[in-house]
Amino acid sequence: MLEKALYGSKRYWTWIIFLLAVIGVGCLTYLKQLNEGLGITGLSRDVSWGLYIGQFTFLVGVAASAVMLVIPYYLHDFKKFGKIVILGEFLAVSAVIMCILFIMADMGQPMRVANILLHPTPGSIVFWDVVVLNGYLLLNLIIGWTTLGADRKGVKPPDWVKPLIYLSVPWAVSIHTVTAFLYAGIPGRHFWLTAVMAARFLASAFAGGPALLIILALLVRKFSKFDPGTEAIQAIGKIVTYAMFANVFLLGLEFFTAFYSNIPGHMHPFKYLYVGLEGHTKLVPLMWTSSILAVVSLVLLVFPSVRKKEGILAFACISLFTSLWIDKGFGLIIGGFIPNMFEGVTEYWPTLPESMITLGVWAIGFLVLTVLYKVVIAVREDDTAVEH
Amino acid sequence: MINRRDFLKNTAIGIAGITLPLAAFEIIRPEKILANMSGTSKTRWVFLVDTYKCVGCGLCVKACKNENEIPYDANVTRTWVERYVITKDGKLHADTPKGARDGFTTSRIELGQGKYEEIRDEDIIKAFFVPKLCNQCENPPCVQVCPVGATYQVPDGVVLVDRKWCIGCGYCIMGCPYGVRFFHPKYHTAEKCNFCYHRITKGLKTACVSACPFGARQIGNLKDPGDPVTKVIMTERVGILKEEYGTKPQVFYLGLDREVK
């Protein structure tokens, strides 16, 4: 089936070459990092995780969100998701690949990554994260590829794939729960030491991931003859709305606990993020952008008649996705490191090489996504040809 | 079927089990610190810092950097000295320029990014220096989070990092509540104080202890009741950092101020 990705329009190839160019720049920059170490990034003793791990955290959510399509379609027989569920699964595949690459990018000694499996350490959450992420990648690849292959031949997917699909549901929840546990179990990191962390992660994932999927589905429809389905897109819009409200609610809970308890350690990271701390305000504009975009997206999404208009839906989804990308892919991680363990402030901002590497990884993700979606589109366009 | 004899026996064990922890709470003696120590090793390395004696000369930091292959000019140190200045307005001013590698050569407080704060002598209520180093916790969070077992605790209590096995994921750096870990600029692996393990296991003092001209730093064996460090820890009023996290740090401070984080 993969050969279908080898035939495409000029526009398709221009896009592929553009991605390859970005990947090339990213790879060259990465070689520099490999040589000189993480010193070329903005990371420091006080802020030891930054953009890379932020992107990783955010993308685990995108990957997990496929379950929002799998549950209605496979568990509730919601037929309208029949065409779009594969887009969700392949989005998960590319998101997990990006996750793995971002972890690799953050390692000081990436050549030794196999040590995680050579010396399994079940006490470490990173160990479990590696296990569940790779498992999830494998599950989605197998499920996506098998169902698409069956679809192409016009037959039902083989029976053995059903248990895997059911397994992928709790597995999706597990990848994001485990990722939240990376943060939520660390003594001395007040910002992250909260029991709602995993719940908040899941809520933001189920808002952000499907929002991205809506944008992608609209793009697929625009640029190909394959229509994932208007009703399916609207149904996802509903999911995004609920999940985003849940996410904002959970964030509100965090604010209450921090400020009503009046415990400095809990208030300081929030103050740093939203108003600045001791004159340090680097992240304040970003966080307010995120908050405003969140409100804008919710206002547009909450009225069914408004979100029915696809232009508005797309705008709302872009706002929402950007909002969550800032909040979870950046603020949530950096905020946990500020103030530092000595209640001082060391700010963080990604450097140019760090940003190039990050863009490179995103480009790899988009390349994988493009190729996989191209195959899907080709198969579906064939179907349409047969039907007509 | 449970017979009467077993029932009585189990009940007795059950009651004993319930009362035992209560009894343990009733008698709190210095020996309790010893009872906390796990393992059968005859040694438990501990550190004693006398903050009254520290003048912030930074000789310990210099010695440590040279001893442990920490690039001299890189802004990372295994041990460092913090300066605390509390002014009449109740404000706390703290700094540690270059980890106090060159001592504190000016009365100005470093604010970072090349900025300084001038403090007039007459405004100062109290000021003091606090050396910091790895606490070699009895319950080390860094060991818990390491995904490859590259950081581990040896039976005599010291937490070590294997530079050849560490993957440099940075999880332990993030997980240490004392901020003592950092990335080694050259090896690209996690790095921290290990009480100069290569020295203490050969009967030497740590580099910082040897370098301190004022005796502000001492290393000892808590399991040896005759050790002068042990005697101080058992009989004097000593403090530890961030007790509330349950990490059981093993660096004890004489004269620890409440402002010290």
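For clarity, every value in this text was computed on a predicted model and none was experimentally measured. (Residues numbered from 1 in each chain as written. Chains lettered and ligands numbered in written order. Predicted model: local features only at pLDDT ≥ 70, side-chain atom pairs only at ≥ 80, totals over all residues.)

**Here we look at the overall build of chain A**
Cut-off, in case you're wondering: Secondary structure elements follow DSSP: runs of H or I of four or more residues count as helices, runs of E of two or more count as strands, with numbering from the N terminus. As defined in this context, the radius of gyration uses C-alpha atoms, and a globule is described by 2.2 Å times the residue total to the power 0.38. To sort residues by burial, count the other C-beta atoms lying within 10 Å of each one's C-beta; a count of 20 or more means buried, 12 or fewer means exposed, and anything in between means partly exposed. C-beta atoms are built from the backbone. Note on contacts: each residue gets a C-beta atom placed from the backbone, and two residues are in contact if those atoms are within 7 Å.
Each helix and strand in chain A was counted, giving 14 helices and zero strands. Computed over the C-alpha atoms, the radius of gyration of chain A is 21 Å, within 12% of the 21 Å expected from 2.2 N^0.38 for a compact globule of 388 residues. Each principal axis of the C-alpha atoms in chain A carries an extent, and together these give about 70 × 50 × 40 Å. Scored against the burial criterion, the 388 residues of chain A give a buried share of 46%. Of all intrachain contacts in chain A linking residues separated by at least 6 positions in sequence, the fraction that spans at least 24 positions is 79%.

**Section: the overall build of chain B**
Helix and strand counts for chain B come out as eight helices and 13 strands. Counting over 261 residues, chain B shows a buried share of 41%. The contacts of chain B with a sequence gap of at least 6 include a subset with a gap of at least 24, amounting to 62%.

**Regarding the pairing of strand β2 (residues 80-87) of chain B**
Residue and element names in this part refer to chain B. Definition in use: A strand pair is defined by DSSP finding two or more bridges across the two strands.
Burial within β2 is extensive, with six of its eight residues counted as buried. Strand direction decides the pairing type here: β2 and strand β6 (residues 124-132), joined by eight bridges, are antiparallel. The residue bridging Arg83 from the neighbouring strand is Phe129, located in β6. In this structure, β2 lies alongside strand β3 (residues 92-95), joined through four bridges in antiparallel fashion. Along β3, the bridge assignment pairs Arg83 with Asp95.

**Remarks on the interface of chain B and chain A**
Stated precisely, the cut-off is as follows: Three residue categories are used. Nonpolar comprises Ala, Val, Leu, Ile, Met, Phe, Trp, Tyr, Cys and Pro, charged comprises Asp, Glu, Lys and Arg, and polar comprises the others, including Gly.
In this assembly, 30 residues from chain B lie in contact with 28 residues from chain A. Broken down by secondary-structure element, the contributors of at least two residues to the side of chain B that touches chain A are α4 (141-145), α5 (171-175) and β9 (182-183) of chain B. When grouped by side-chain class, the residues that make up the side of chain B that touches chain A number 19 nonpolar, nine polar and two charged.

**Notes on the sheet that holds β6(B)**
All names here are of chain B. Applicable threshold: Fitted lines through C-alpha atoms serve as axes, helices being fitted only where they are in contact, and the angles separating the N-to-C directions of these axes extend from 0 to 180 degrees.
With respect to topology, three strands assemble into an open sheet ordered β3-β2-β6, the strand pairing being antiparallel. In this open sheet, the two strands that pair with only one neighbour each are β3 and β6. Geometrically, the sheet is characterised by an average inter-axis angle of 15 degrees between neighbouring strands, direction not taken into account.

**Points about unusual backbone geometry**
In the segment running from Ile338(A) into Pro339(A), the intervening peptide bond is cis, with an omega of 0 degrees. Among the structural elements, Pro339(A) can be located in the loop between α13 (310-337) and α14 (352-387). In this model, Glu343(A) sits at a positive phi of 60 degrees, which is unusual for a non-glycine residue. Locating Glu343(A) in the fold gives a position in the loop between α13 and α14. Judged by local crowding, Glu343(A) falls into the partly exposed class, with 15 C-beta atoms found within 10 Å. Positive phi outside glycine occurs at Gln113(B), with the angle close to 50 degrees. Within the element layout of this structure, Gln113(B) appears in the loop between β4 (109-112) and β5 (115-117). The exposure class assigned to Gln113(B) is exposed, which follows from the 8 C-beta atoms found within 10 Å.

**Points about helix α1 (residues 10-36) of chain A**
Residues and elements named next belong to chain A. The criterion, for reference: Multiply 1.5 Å by the residue count of a helix minus one, and that product is the helix's expected span.
With 27 residues, α1 extends 39 Å between its outermost C-alpha atoms, agreeing within 8% with the 39 Å of an ideal straight helix rising 1.5 Å per residue. All of the buried residues in α1 are Leu19, Gly26, Thr29 and Gln33. Two residues or fewer after α1 comes Gly37, characterised by a positive phi angle close to 95 degrees.

**Some thoughts on the sheet that holds strand β13 (residues 251-254) of chain B**
Residues and elements named next belong to chain B. The strand order across the open sheet built from four strands is β11-β1-β13-β12, with neighbouring strands paired in mixed fashion. Two strands lie at the open edges of the sheet, namely β11 (217-221) and β12 (238-239), each paired on one side alone. Pairing geometry for strand β1 (residues 45-50) and β11, over five bridges, is antiparallel. Paired with Phe47 across the two strands is Ile219, which belongs to β11.

**Things to note about the environment of Thr151(B)**
Residue and element names in this part refer to chain B. Secondary-structure assignment places Thr151 in strand β7 (residues 151-153). Expressed as a C-alpha distance, the spacing of Thr151 and Tyr171, which sit 20 residues apart in the sequence, is 11 Å. If near-sequence neighbours (up to four positions away) are discounted, Thr151 is found in contact with Cys142, Val143, Cys146, Val159, Leu160, Val161, Cys172 and Ala190.

**What about the confidence of the model for chain B?**
All names here are of chain B. Cut-off, in case you're wondering: Known as pLDDT, the predictor's confidence for each residue is given on a scale from 0 to 100.
This prediction gives chain B a mean pLDDT of 90; 85% of its residues lie at or above 70. pLDDT under 50 marks residues 21-28. Its contacts with residues more than four places away, or in other chains, come to zero contacts. At the level of chain-chain contacts, confidence expressed as ipTM amounts to 0.91, with global pTM at 0.90.

**Let's talk about the nonpolar core**
All names here are of chain A. Where we set the bar: Structurally, a nonpolar core is described as a collection of buried Ala, Val, Leu, Ile, Met, Phe, Trp, Tyr and Cys residues joined by way of C-beta atoms within 7 Å.
By size, the foremost hydrophobic cluster in this structure holds 174 residues, and its most contacted members are Ala63, Cys99 and Val240. Ranked by residues supplied to this core, first place goes to helix α4 (residues 85-105) with 16 residues. Ignoring any residue separated from it by four or fewer positions in sequence, one finds Cys99 in contact with Phe56, Leu59, Val60, Ala63 and Leu133.

**Things to note about α13(A)**
All names here are of chain A. Under the convention used in this document: A residue's bend is simply the angle between two axes: one fitted to the seven residues ending at it, one to the seven starting at it.
In a regular helix each residue adds 1.5 Å, so 28 residues correspond to 40 Å; α13 covers 40 Å between its end C-alpha atoms and thus fits that length. Along α13, the helix axis deviates most sharply at Gly331, where the bend reaches about 40 degrees. Here α13 lies mainly inside the structure; 20 of its 28 residues are buried.

**Here's the deal with the packing of helix α7 (residues 161-184) of chain A against helix α8 (residues 197-223) of chain A**
All names here are of chain A. To keep things clear, this is the line we draw: Just so you know how the angles are binned, under 35 degrees is roughly parallel, over 145 roughly antiparallel, 65 to 115 roughly perpendicular, and the rest oblique. Note on convention: near helix rotated counterclockwise from far helix by under a right angle means a left-handed crossing. Clockwise means right-handed.
Here α7 crosses α8 at 130 degrees, and the two axes come no closer than 8 Å. Classified by the angle their axes make, α7 and α8 are oblique. The hand of the α7/α8 crossing is right-handed. Here α7 contributes Val173, His176, Thr177, Thr179, Ala180, Phe181, Tyr183 and Ala184 to the contact with α8, which in turn contributes Met197, Ala198, Phe201, Leu202 and Ala205. Its residues placed into classes, the contact of α7 with α8 shows ten nonpolar, three polar and no charged.

**Comments concerning the pairing of β13(B)**
Bridge count between β1(B) and β13(B): four bridges; the pairing is parallel. In the strand pairing of β13(B), Phe47(B) is matched with Val251(B).

**A look at the confidence of the model for chain A**
Averaged over all residues, the pLDDT of chain A equals 94, while 98% of them reach at least 70. Across chain A, helix α11 (residues 284-302) of chain A holds the top mean pLDDT of 97, while α14(A) sits lowest at 89.

**What about the environment of Ser48(A)?**
Relative to the helices and strands, Ser48(A) resides in the loop between α1 and α2 (51-64). The spacing of Ser48(A) and Phe270(A) is 222 residues in sequence and 19 Å in space, taken between C-alpha atoms. With residues up to four places along the chain from it excluded, the contact list for Ser48(A) reads Leu43(A), Gly170(B), Ile173(B) and Met174(B).

**Looking at the packing of helix α10 (residues 264-274) of chain A against α13(A)**
All names here are of chain A. As a packed pair, α10 and α13 sit with axes 9 Å apart at the nearest point and diverge in direction by 130 degrees. Judged on the interaxial angle alone, α13 and α10 are oblique. Crossing hand, α10 versus α13: right-handed. Where α10 abuts α13, its residues Pro269, Tyr272 and Leu273 lie against Gly331, Gly335 and Gly336. Within the contact of α10 with α13, the residues separate by chemical class into three nonpolar, three polar and no charged.

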